[in-house]
Amino acid sequence: MKIAICGIRHESNSFSTLTTKLDDFRITRGEEILQDSFWSSYPDVEWKPILIGRAGPHGLVDKGAYISMRDEIIEGLEQNLPVDGVYLSLHGAMDVVDVGDGESDLITHIRKVVGDDIPITGSLDLHANVSPILADSTSALTAYRTSPHIDGAETRKRAVDHLINILSTGKHTRNVLIKLPLLLPGEYAVTEVEPAKSLYTKLFDIEKRPGIVDASILIGCAWTDSEYTSVSVIVVGEEDSQEADACAVELAQDIWSKRHEFKAEVETVSVEEAVTKAMNSEIYPVVISDSGDNVTAGGAGDTPIMLDELLKAHAEDAVIAGITDPEAVDKCVESGTNSVIKLNLGGKLDTSNGYKKQITGIVGNVVPSCMAVVAMNGIKVIITSDRRAFTDTQGYKQVGVDPLKEEIIVVKVGLLHGKIRDIAKKPIMAMSPGFTSLLLDELPYKRLKRPIFPLDDLSQFNV
Ligand SMILES: [Zn+2]
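Residues numbered from 1 in each chain as written. Predicted model: local features only at pLDDT ≥ 70, side-chain atom pairs only at ≥ 80, totals over all residues. Heavy atoms only, no water.

**Describing the packing of helix α2 (residues 63-80) against helix α3 (residues 102-114)**
- Look at α2 against α3: their axes get within 10 Å of each other, and the N-to-C directions meet at 25°. Judged by the inter-axis angle, α2 sits roughly parallel to α3. In this structure, α2 meets α3 at a crossing whose hand is right-handed. Each of Tyr-66, Arg-70, Ile-73, Ile-74, Leu-77 and Glu-78 in α2 lies in contact with α3, whose residues at this interface are Gly-102, Asp-105, Leu-106, His-109, Ile-110, Val-113 and Val-114. (Axes fitted to C-alpha atoms, helices over the stretch in contact; angles between N-to-C directions. Helix = DSSP H or I, 4+ residues; strand = E, 2+ residues; numbered from the N terminus. Parallel < 35°, antiparallel > 145°, perpendicular 65-115°, else oblique. Left-handed = near helix turned anticlockwise from the far one by under 90°. Contact = heavy atoms within 4.5 Å.)

**Considering α3**
- Compared with an ideal rise of 1.5 Å per residue, which puts 13 residues at 18 Å, α3 spans 18 Å between its outermost C-alpha atoms and is within 8% of the ideal.
- Taken together, the buried positions of α3 are occupied by Gly-102, Glu-103, Ser-104, Asp-105, Leu-106, Ile-107, Ile-110, Arg-111, Val-113 and Val-114.
- Just beyond α3, the residue with positive phi is Gly-115, at close to 85°. (Expected span 1.5 Å × (residues − 1). Buried < 20%, exposed > 50% of the residue type's maximum accessible area, 1.4 Å probe, protein only.)

**Comments concerning the coordination of the zinc ion**
- On the protein side, the zinc ion has Asp-125 (OD), Asp-125 (OD), His-127 (ND1) and His-149 (NE2) as donor atoms, found 2.1 to 2.6 Å from it.
- Donor residues binding the zinc ion come from one chain and are separated in sequence as D-x1-H-x21-H. Taken together, the residues span a long stretch of sequence, with His-127 in the loop between β9 (120-124) and α4 (132-136) and His-149 in the loop between β10 (140-143) and α5 (152-169) at a distance of 22 residues.
- Overall, the relative accessible area of 12% leaves His-127 in the buried class.
- Assessed through its relative accessible area of 34%, His-149 is described here as partly exposed. (Donors = N, O, S within 2.8 Å, 3.2 Å for Na, K, Ca; no water.)

**Structural notes on the sheet that holds strand β12 (residues 212-218)**
- What the three strands build is an open sheet, ordered β11-β13-β12; its pairing is antiparallel. The strands lining the two open edges of the sheet, one partner per strand, are β11 (173-179) and β12. Going from strand to strand, the sheet's axes swing by 15° on average, the running direction of each strand aside.
- Alignment of β12 against strand β13 (residues 232-238), held across six bridges, turns out to be antiparallel. Residue Leu-218 lies in a different strand from β13, and its bridge partner there is Ser-232.
- Its contacts with the sheet place helix α7 (residues 243-257) against β11, β12 and β13, and it is angled at close to 160° to β13. (Pairing = 2+ DSSP bridges.)

**Points about the side chain of Glu-187**
- Residue position: Glu-187 is located in the loop between β11 and α6 (196-206).
- We note that Glu-187 is buried and unpaired, the nearest opposite charge coming from Arg-421 at a distance of 9.3 Å.
- Of note is the side chain of Glu-187, whose polar atom sits 3.5 Å from the side chain of Asn-294. (Lys, Arg positive; Asp, Glu negative; His and termini not counted. Salt bridge = Lys/Arg side-chain N within 4 Å of Asp/Glu carboxyl O. Polar contact = N/O pair within 3.5 Å; in protein donor to acceptor, adjacent residues only side chain to side chain.)

**Overview of the environment of Ala-93**
- Relative to the helices and strands, Ala-93 is located in the loop between β6 (85-89) and β7 (95-96).
- When near neighbours in sequence (up to four residues on either side) are disregarded, Ala-93 contacts His-10, Glu-11, Ser-12, Glu-103, His-127, Ala-128, Asn-129, Cys-221 and Thr-224.

**A look at the pattern of salt bridges**
- Counted according to the given criterion, the structure contains 27 salt bridges.
- One salt bridge connects Arg-156 with Asp-36, and the closest N-O pair in it is separated by 3.0 Å. Of this pair, Arg-156 sits in helix α5 while Asp-36 sits in the loop between α1 (30-33) and β4 (46-54); the two residues are 120 residues apart in sequence, bridging distant segments of the chain.
- The class of Arg-156 is buried, set by a relative accessible area of 19%.
- With a shortest N-O distance of 2.8 Å, Lys-412 and Asp-290 are connected by a salt bridge. In this pair, Lys-412 is assigned in the loop between β21 (408-411) and α12 (419-423) and Asp-290 in strand β15 (residues 286-290), connecting sequence segments 122 residues apart. In terms of burial, Lys-412 and Asp-290 fall into one category: buried.

**With respect to the packing of aromatic side chains**
- Tallying each qualifying case throughout the model produces nine aromatic pairs.
- Residues Trp-39 and Tyr-87 carry aromatic rings whose centres are separated by 5.9 Å and whose planes lie at 50° to one another, so their mutual orientation is tilted. With Trp-39 in the loop between α1 and β4 and Tyr-87 in strand β6, this pair connects stretches of sequence that are 48 residues apart.
- Residue classification places Trp-39 among the buried residues on the basis of a relative accessible area of 3%.
- Plain terms: the ring middles of Trp-256 and Phe-453 are 6.1 Å apart, the flat faces sit at 75° to each other, and that makes the pair edge-to-face. With Trp-256 in helix α7 and Phe-453 in the segment after β22 (426-430), the pair connects residues that are 197 residues apart, well separated along the chain.
- In this arrangement the basic side chain of Arg-145 is found over the ring face of Phe-204, its NZ or CZ atom lying 4.7 Å from the centre. (Phe/Tyr/Trp six-rings, centres within 6.5 Å; stacked < 30°, edge-to-face > 60°. Lys NZ or Arg CZ within 6 Å of the ring centre and 35° of its normal.)

**Structural notes on the domain arrangement of the chain**
- Annotation of the chain at the domain level lists domain 1 (2-261) and domain 2 (267-437).
- Facing 15 residues of domain 1, the contacting portion of domain 2 comprises 19 residues.
- Counting the surface lost from both domain 1 and domain 2, the interface buries some 1300 Å², and carbon and sulfur atoms represent 59% of this.
- Three residues, Pro-57, Glu-187 and Trp-223, lead the burial of domain 1 against domain 2; their summed loss comes to 36% of the area buried on that side. (Domains from an automatic or database assignment. Buried area = accessible area lost by both parts, 1.4 Å probe.)

**Structural notes on unusual backbone geometry**
- Here the amide bond leading from Ser-147 into Pro-148 is cis, since omega sits at 0°, within 30 degrees of zero.
- Within the element layout of this structure, Pro-148 appears in the loop between β10 and α5.
- Going from Glu-194 to Pro-195, the amide bond is cis rather than trans, its omega being 5°.
- With respect to the secondary-structure elements, Pro-195 resides in the loop between β11 and α6.
- At Asp-317, a residue that is not glycine, the phi angle is positive and equals roughly 50°.

**Looking at the nonpolar core**
- Residues Leu-180, Val-235 and Ile-255 are the most contacted members of the largest nonpolar core, which totals 47 residues.
- Sorting the residues of this core by element identifies β11, α6, β12, β13 and α7 as the ones contributing at least two each.
- Broken down by element, this core gets its largest block of residues, seven residues, from α7.
- One finds Ala-55, Leu-77, Leu-90 and Val-113 within the second-largest nonpolar core, a separate group that totals 39 residues. (Core = buried A, V, L, I, M, F, W, Y, C linked by side-chain atoms within 4.5 Å.)

Okay, structure coming up:
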C-alpha cells in the first residue's frame, strides 16, 4: 500500500500582533521525513513523504508562507498519484492571514487532488480547534491525551494504524464531531488533574466499545479567534455503526456537566499579589508563570511587567527567564562580562501590552547571538535572541544560572511543564497582560462563535 505523509503544524494566536513567517517553520521533506525509525516499523507500506512544516505557537501564519507549503504538498501529492491513503500530521489550531482556518483550507485542497474516496487520517494536538470540514473530510482523527504533552508518538501511531487498518480490511470509518459552546484555556485543563483526568481516562474505555475505533477530547486553543474555536469531542466509529454518535454525545455531556470545575491547578493571582506571595513564601524556589506572555501559546516573550514588579518590591534572589530582545543580547556581548550596562529592555515585540524598561545592571555570562544575563539589585534577567520557554535547566545553565539556588523564578509560560514543574516548590500563576492573557472576557474576539461559556450566560447546551 502506498501512503502519502504531509502536514503543517501550528497553533496560531490571533491576539498576537506578530505573524509566523516561513523562516519560523522547520520544514522536513521527502526522505528527510523517513529518517525517523517509526516509519520503517511498517515494512509493507510504501511511504510517500512529501512535506511536514512545524512552528512553535505564535501569531497568525503569513499567507505566503502557508501557500508555499500548501502548494508544495499539493504538487507532491500530484506527482505521487495514485496513493492509497494520506496521513496528515497536524496541530489543528492554525489560522492564516486572509485565508482563515488553515486545516480547512489544506484538507479542501488535498481532497481536490486525491479525490473523495481514499482514506485520510490525521493526528492532532489536544489544543486543536477542529473544523467540521476537517472532520467530514477525513476517516479518522485522533488527538493527544496528555497535557503537558507526552504522547505525541502514541498519537501519531494511532492515526497511522487507523489508516492501515482501513486499507487492509476495507472497513471504512468516520469521525463524529461535537463542538461544545465552551471556551477553555489549556491552563485550566491538565490531564493529570480533575476534572480533565477522569474525562481523559474515559477515552480508553470508550475506544474499546463495539463499533468504536478512537475517541478524543480537544480542549482547543482559546487564543485562536476562529469560528471553530471551542472544546470539541471526536469519536471515530466504523462507518456502518451508530455507536460513535451515542458515545460522542455522552462525552460531550460529561464535559458540559463539569464546565464549572475546570480551573488552574495552582494559585492564580494578580501580578502584584504573585510577587508579594513569592516574597513571603517560606518554601523555595517559587516559580511564577507570567501567563499573559506565555511563549508556549504565542506570547511575545518580551513584556517587562514582572521584572518591573519585582524591582518595585525590592525582591532579591530572583531570576527572570527570560525577556526576548536580540538587540539587548548583542549590546551585552559587545559590552562584555562584568561591565555595567544600560538597556531599554523588552517591549519591542508586544508593543500593545509591553513597554521598554530602562535598566542598569552588570553583564554576567553571555552566549553570542543567543543569550546574556544581566544582574541588578539581586535580580538576574536572562535576555534571549529568540522567544524561549525556560522549562528545562539547560537554558539557565548556558548563562551560569542555577535555578535551584534562586528563591523566585519567573517563566514566560502558563501551565508549568518539563523540569521547571518539578523544581517549583511553590507554583504561582500571575494573571499578567499579554497576547496569552487568561482574562478571556477582556480579549477582543471577533470571529468566535457566540454564545459560548463562560463569556456568555449559557446554562443549556443541547447536543
Ligand atoms: Zn498543545
